[in-house]
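In case you want the letters, here they are:
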Amino acid sequence: MGSRPHDLPMPEPVTAAGREGLQALLRAPRRAVVALDFDGTLADIVPDPDQARAHADAVPALAALAPEVAAVAVVTGRPAGVAVRYGGFAGVPGLEHMVVLGHYGAERWDAVTGIVHAPADHPGVAAVRAELPGFLDSIGAWRGTWIEEKGRALAVHTRRAADPEQAFAALREPLAELAARHGLMVEPGRAVLELRPPGMDKGVALTEFLAERDAEAVLYAGDDLGDLAAFSAVEKRRADGLPGLLVCSGSAEVPELAARADLVLPGPAAVTAFLAALAEALRA
């Protein structure tokens, strides 16, 4: 990218739209939003989601980058408060204005206040919470699967099953029917099916945040099927003239996301290195 204003090591987007998005961010960073998924993007995927933590280099990279751009936001399916704790984002110099949009945007944590704002609970979640263990047992799917309590949602993981992909495929339709009976939807992920209220997704959350910040450029990085909605939101805004860069934290498990990305990076370590290089370029 010969016209890039900073000659520092940084991966090259493979698409013209991605190169334009990166150039726009470098030209006018104070009007740019950097938004990122958490699991698989800032934190490695681990067998037990309760043990997930941000990569060791993630917080330093974000703290260096955040003062240079209009906003840094984490957009995640996790509860906002859990993402803040597992990320170690609270009280970090440089992240005083960070925002975490949890539960696909239904919850919001602002570093400036340290408060999580959230809507009332959906009654269908409580109903599914009571029914789900017996439901999995009744269809013979209890062995190898386990339920993650997410407050405003419930997730059924298949990563520990003898054949995770087969278990995932076998559960998808029955869980969709269970969710529909209680006014919920199913969000598929990497060896996980999440039952959650409808109405919000990462695309809606990101679109609203970009409008709030009056962004003139956006970088979005994700790794999972739930990030496709955010990718679509960026693609729509690009069609309307807003430059954007789409980054996939690469995984063979989600080729759909990699195929639509401007830049594919091999996991959280590479994503955080890219963010650090971006921060260095903006400070230079």
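You'll find the structure just up there.
Residues numbered from 1 in each chain as written. Predicted model: local features only at pLDDT ≥ 70, side-chain atom pairs only at ≥ 80, totals over all residues. Heavy atoms only, no water.

### A look at the packing of helix 2 (residues 58–65) against helix 9 (residues 268–283)
Phase 1: Packing of helix 2 against helix 9 leaves a shortest axis separation of 8 Å and a crossing angle of 25 degrees. Relative to helix 9, the element helix 2 is oriented roughly parallel. Once helix 2 is placed against helix 9, the crossing between them reads as left-handed. On helix 9, the residues touching Ala58, Ala61, Leu62, Ala64 and Leu65 of helix 2 are Thr272, Leu275, Ala276, Leu278, Ala279, Leu282 and Arg283.
Phase 2: Residue composition of the contact of helix 2 with helix 9, grouped by class: 10 nonpolar, one polar and one charged. (Axes fitted to C-alpha atoms, helices over the stretch in contact; angles between N-to-C directions. Helix = DSSP H or I, 4+ residues; strand = E, 2+ residues; numbered from the N terminus. Parallel < 35°, antiparallel > 145°, perpendicular 65-115°, else oblique. Left-handed = near helix turned anticlockwise from the far one by under 90°. Contact = heavy atoms within 4.5 Å. Nonpolar A, V, L, I, M, F, W, Y, C, P; charged D, E, K, R; others polar.)

### Notes on the pattern of salt bridges
Phase 1: A complete count under the given rule lists 20 salt bridges for this structure.
Phase 2: One salt bridge in this structure joins arginine 196 and glutamate 187, with 2.7 Å as the shortest N-O distance.
Phase 3: Judged by relative accessible area, arginine 196 falls into the buried class, the value being 3%.
Phase 4: Under the relative-accessibility criterion, glutamate 187 is labelled buried at 13%.
Phase 5: We note a salt bridge from aspartate 240 to lysine 236, for which the minimum N-O separation is 3.6 Å. Neither residue differs from the other here; aspartate 240 and lysine 236 are each classed as exposed.
Phase 6: Residues participating in the shared-partner salt-bridge network are Arg108, Asp110, Glu212 and Arg213. (Salt bridge = Lys/Arg side-chain N within 4 Å of Asp/Glu carboxyl O. Buried < 20%, exposed > 50% of the residue type's maximum accessible area, 1.4 Å probe, protein only.)

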